[in-house]
Structures are given as C-alpha cells and as structure tokens.
Amino acid sequence: MYNNNSSSLELQQKTTNALLEQSITDIDASIENLQFHDLTEPGTVVPNAVQSLLGLNMKFCPTPTANKKEVYTIAFEKLKRSLRTKLQFLDSNSSYDKKIYVPNRDWEPEPCVFEETFEDIDSKLFWFQPKVNRRPQNLNPEQRRLMKELKSRKDLRVVQTDKNLGPALMTTEGYKSLVLKHLSDKSTYERVDLPIEPLKEELRQKVSECYERLYKSAGKRCRIVSDQLESKRLNYFHGLPKIHKVTPTKPLTLRPIISNSNGIFDGLSKFLDFELQKYLRSEPSYIKDSDQLIDLLKTIPAEPDHAIYTFDVVSMYSNIHTKDGIKSLKFHLPPDDYTSLLIECVETVMTNNYFTFGNSVWKQLKGTAMGTSVAVFYASMYLAVCERIVVPEFQQHMVCFKRFIDDGFLIWKHLGDPTSFQRFLTRLSEVSKLEFTSEHCPSKAAFLDLWIERSGNKYITRTHEKDLNLYLYIPASSAHPTGVLKGLIIGRVLKYKKQNTLHADYIE
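Here's a quick rundown of the structure.

Conventions adopted
- Residues numbered from 1 in each chain as written.
- Predicted model: local features only at pLDDT ≥ 70, side-chain atom pairs only at ≥ 80, totals over all residues.
- Heavy atoms only, no water.
- Salt bridge = Lys/Arg side-chain N within 4 Å of Asp/Glu carboxyl O.
- Helix = DSSP H or I, 4+ residues; strand = E, 2+ residues; numbered from the N terminus.
- Buried < 20%, exposed > 50% of the residue type's maximum accessible area, 1.4 Å probe, protein only.
- Patch = residues over 30% accessible without salt bridge, like charges linked within 9 Å, V, L, I, M, F, W, Y side chains within 5 Å.
- Areas by Shrake-Rupley, 256 points an atom, 1.4 Å probe, with all protein chains shown as cover.
- Lys, Arg positive; Asp, Glu negative; His and termini not counted.
- Charge placed at Lys NZ, Arg CZ, Asp CG, Glu CD.
- Polar contact = N/O pair within 3.5 Å; in protein donor to acceptor, adjacent residues only side chain to side chain.
- Contact = heavy atoms within 4.5 Å.
- Core = buried A, V, L, I, M, F, W, Y, C linked by side-chain atoms within 4.5 Å.

## Some thoughts on the pattern of salt bridges
At step 1: Per the counting criterion, the structure on display carries 27 salt bridges.
At step 2: Residue K80 is joined to E77 by a salt bridge in which the shortest nitrogen-to-oxygen separation is 2.9 Å. Separated by 3 residues within a single helix, K80 and E77 lie in helix α3 (residues 69–88), roughly one turn from each other.
At step 3: Taking relative accessible area as the criterion, K80 reaches 6% and is therefore assigned buried.
At step 4: The salt bridge partner of E115 is R84, with a shortest N-O separation of 2.8 Å. Taken together, the residues span a long stretch of sequence, with E115 in helix α4 (residues 115–127) and R84 in helix α3 at a distance of 31 residues. Each member of the pair, E115 as well as R84, carries the same accessibility label: buried.

Here is the structure:
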C-alpha cells in the first residue's frame, strides 16, 4: 500500500513538473525579443540559436540545485544574529553609515524575546534533510545544452556591452587583442615585471601608514581602511565593448574597467570618498541624477531666446594629470590639517593603481585611478574647481548649468553674442587642460537618460531610448524571488512616470 501510494505521488509530482516546465517553455517561446550583439570575427562557428539563451538577459537566474543542509544552518545563524542586533539597538540613538561601517566580528548581541522560537527551529533543523530540488527547470533542454556548450567553449566569451546595451558574444582572442591594444598606450599604462606577493605587501604597507595617520583624527570611524587588509588582492582589468561608437571608419574599442572590489586600496578609497563627498555636493554645477534635473527644470520658465547645449569631456579620467588634480584640491578645499591629510591619501591612491590582466601585472601611469571609489569625486571636483574660475566670466549667459561627472547640460542665453558658448568651452578647456565635445540643440537635447525639450513656456522631458538598446527585460520564468520581479516592473513604471512630462509619452 505504502509503495503504491509513494509511486502514485511520485507520478503525480512528475506530471505536475512536466506541466510547469511546459508552461515555462510556452512563456519563453512567446518572447519575441531574443537578441544579442554578435561581435565574433567572420568564420567563427557560433552555436545555433544561441540567442534563445543570451536573449533572456545577462541577469536571468536558472533554477538552482538543492542546497546542502549546512547552507540552511549558516543562513539561520545569520538571521538570529541580525534579529538580536536589531532588537538590541532598536531604541538606541546611535547612528552609522553603511558605506564605511565595519562590523565587530568579535561582538555578540544579547539574547532576545525570540530565543524559544530560535530553539524550536534549531531542533527542527537538526533533523531536517534537504530534498532533491523538484522545481521545474526554467531553461528548456536546448537552452541547457547551449549553456554547457558556452561554458566549455574556451574560444568564446560572453561580455556585457558599454552603456548597458545588452550582452555580446566575442572570440576570446578578439577580446584579448582589444584589451592589449588598449593597454599598449605607453603614456597611460606600464607592464610591471615584479613578483605579485612582494608588490601586494608593499601596497598594504602604504595603506597601513595612511590608516595610522587617519586614526589619530578620525578614530574608529576609519576602520574600513585596514579591515581584512591581509586578505585583499590587486585590482583586475576588463573592458566593455563600445558598440555605440563603431562607424565604417572607427573600429570597435573598449571602455576600460578596473575593478577595485576587495582590492588593497578599496577600504581607503571608500573612506576618502565618504569624507570628501560633502565638498562636491555643495558645488553649483553638481547634480545627483536625472531625477534632480527634472525637478529643477520645473522651476525654469522657457523663453524663445534660450538655447540648449550639452557637452562631454573626452577621456576625462585619463587626461587629468595627477599633479594638477592634487594641486587644485589643496588650493580650493579647507586648509586644515585633516583635509590636507585626506588629500595626501588621495594622492597615494591616484599614484598606486596596480592591476592584473590574465597573468600580467600593470600600472596606470597617469590620470585618475580608475575603479577606485574616490575617483568620481576626484575627477568631478577637479572640473568643478576649474568651473569656479570660468563660470563667473559667463554668468550672464547661464540660465541653467548642471554636470554629471563628464556630461554637461546648459540652458544658454546668447545675448546677441552667437560665439559666447564656444568661447566658454574654449576657456574651460584652457583652464582644465581637457578636451570637450559639444552639441547645440536649439530646443531639444538628449542628456543622461532624458530627452529635454522646450515646449511653449516650459521645459518637458521624456525617456531617452538608445538606438542599440536591446530591451532585454528579465523574463517571468527567471528564478528571482517573486517580489524582486514585481519590484523591477514597479520601479521601471515609476521611473517612466517621473521622466515623462506628457501622459501620452508615459503610456507609450
């Protein structure tokens, strides 16, 4: 009887799984927008129908396998500690910032009101045995075969493109040659023939020296600088194909990305960024995001003699000379001892950007140390300091001037001088020693993720859609938690509502 029931239940479960798998297959089959960017060289053998896998989005989550018992036990221990900690500090006035917070791993929270519940769950976990995951696969057999093939194909590489324009498929050799071509710029990068371990120890020593000096002024607030320093590594390099820049006369290039996650200077850079950001936020041209610009434009009445300009700094990070950048910070930030120490630490970060690519070690020779947390502040503040000199000379022309790192937006009055804006940009280039490109848009301009347009006596906005964007939204069959999938939809809808002044644009 038991065996029969067991067999019946097993058959029922298999039938249910088959139906669920078929429904997921039907959902995926209804997705028409399965695309990717094929950047492989002519003659490369690309897996058949690979778009059915890559077109699901780079963030698609396949159905996970069953977890081991230890995973549940560890997760529950973390949950207990978290609840105890939150309850212990529930009525406390203590404050912290998660950007630089370092938990005390030796500290244990006090018992709380849930201890009996914890004990009950612990006893059940003791006897708990995870079952084989019987959830249906959210990839059909062909997609699973493709995933295995791509994993085994050492000659192919799946990469994310620049500007979030979707996944791309490249040959490994093609990708390597693009990276090495970029690194061949001897004025910016230098290959270092040094043993890695002694180099890491030397860099850790520099961070330790910064920590000792910072601790005298900042105390425990700067613990992130030295936290787990011995386990940290060198940065590593990768690149994002800039497919939007390709033309018949301009070949494919990469946007360089140096990852500082868990890097030796990661903690120091995060602390410097946290301490110095307040100076950047107070700059007149500073803008946090496009939402802030939308709110500002609502307060500006549009007039017929207004012209819209946008500009972009050419290779901003690599073209800021370190001596000029540090000199500008020293001259314009408060001249107290603590700020001076912070600037000295920034210089240490900027002049010690070592990274790996494959088995080789490299050093960035000039410009802003890419990948570090303080890089955005450093580059943005340098240009803001230059703006302090130039903007007052052209203040009468400026209705609105905002900049997001290297992208600028201006509403300009020529006041009978049609060359005024170009003279402004030329003057800014002279002071900053940077190169700018600009675009004159009499009544309509693309800036960040917005289209900004003069309509009657006001400025309206709509969502800016990039030509090469594949719009690969995460499908419903992805193994994300249901709340996350719903949150992605709600978040995107709310963003569209904020960005589009006209209801018709929002509906579209």
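## Notes on a positive patch on the surface
At step 1: Taken together, the side chains of K98, K99, R281 and K288 make up a positively charged region of the molecular surface.
At step 2: Among the secondary structure elements, K288 is positioned in the loop between α8 (266–281) and α9 (290–297).
At step 3: The exposure class assigned to K288 is exposed, which follows from its relative accessible area of 55%.

## Looking at the side chain of T161
At step 1: In this fold, T161 is placed in the loop between β2 (156–160) and β3 (167–171).
At step 2: The exposure class assigned to T161 is buried, which follows from its relative accessible area of 1%.
At step 3: Engagement of the side chain of T161 in a polar contact is seen with the backbone nitrogen of L165, the distance being 3.4 Å.
At step 4: A distance of 2.6 Å separates a polar side-chain atom of T161 from the backbone oxygen of G166.
At step 5: Those residues in contact with T161, other than ones at most four positions away along the chain, are H37, G166, A168, L240, P241 and I243.

## Overview of the nonpolar core
At step 1: Formed by 65 residues in total, the largest nonpolar core has its most connected members in L214, F271 and F424.
At step 2: Looking at which element gives the most residues to this core, the answer is helix α13 (residues 375–390), with 9 residues.
At step 3: For L214, the contacting residues outside a window of four places in its chain are G219, C222, V225, L268, F271, Y338, L341, L342 and C345.

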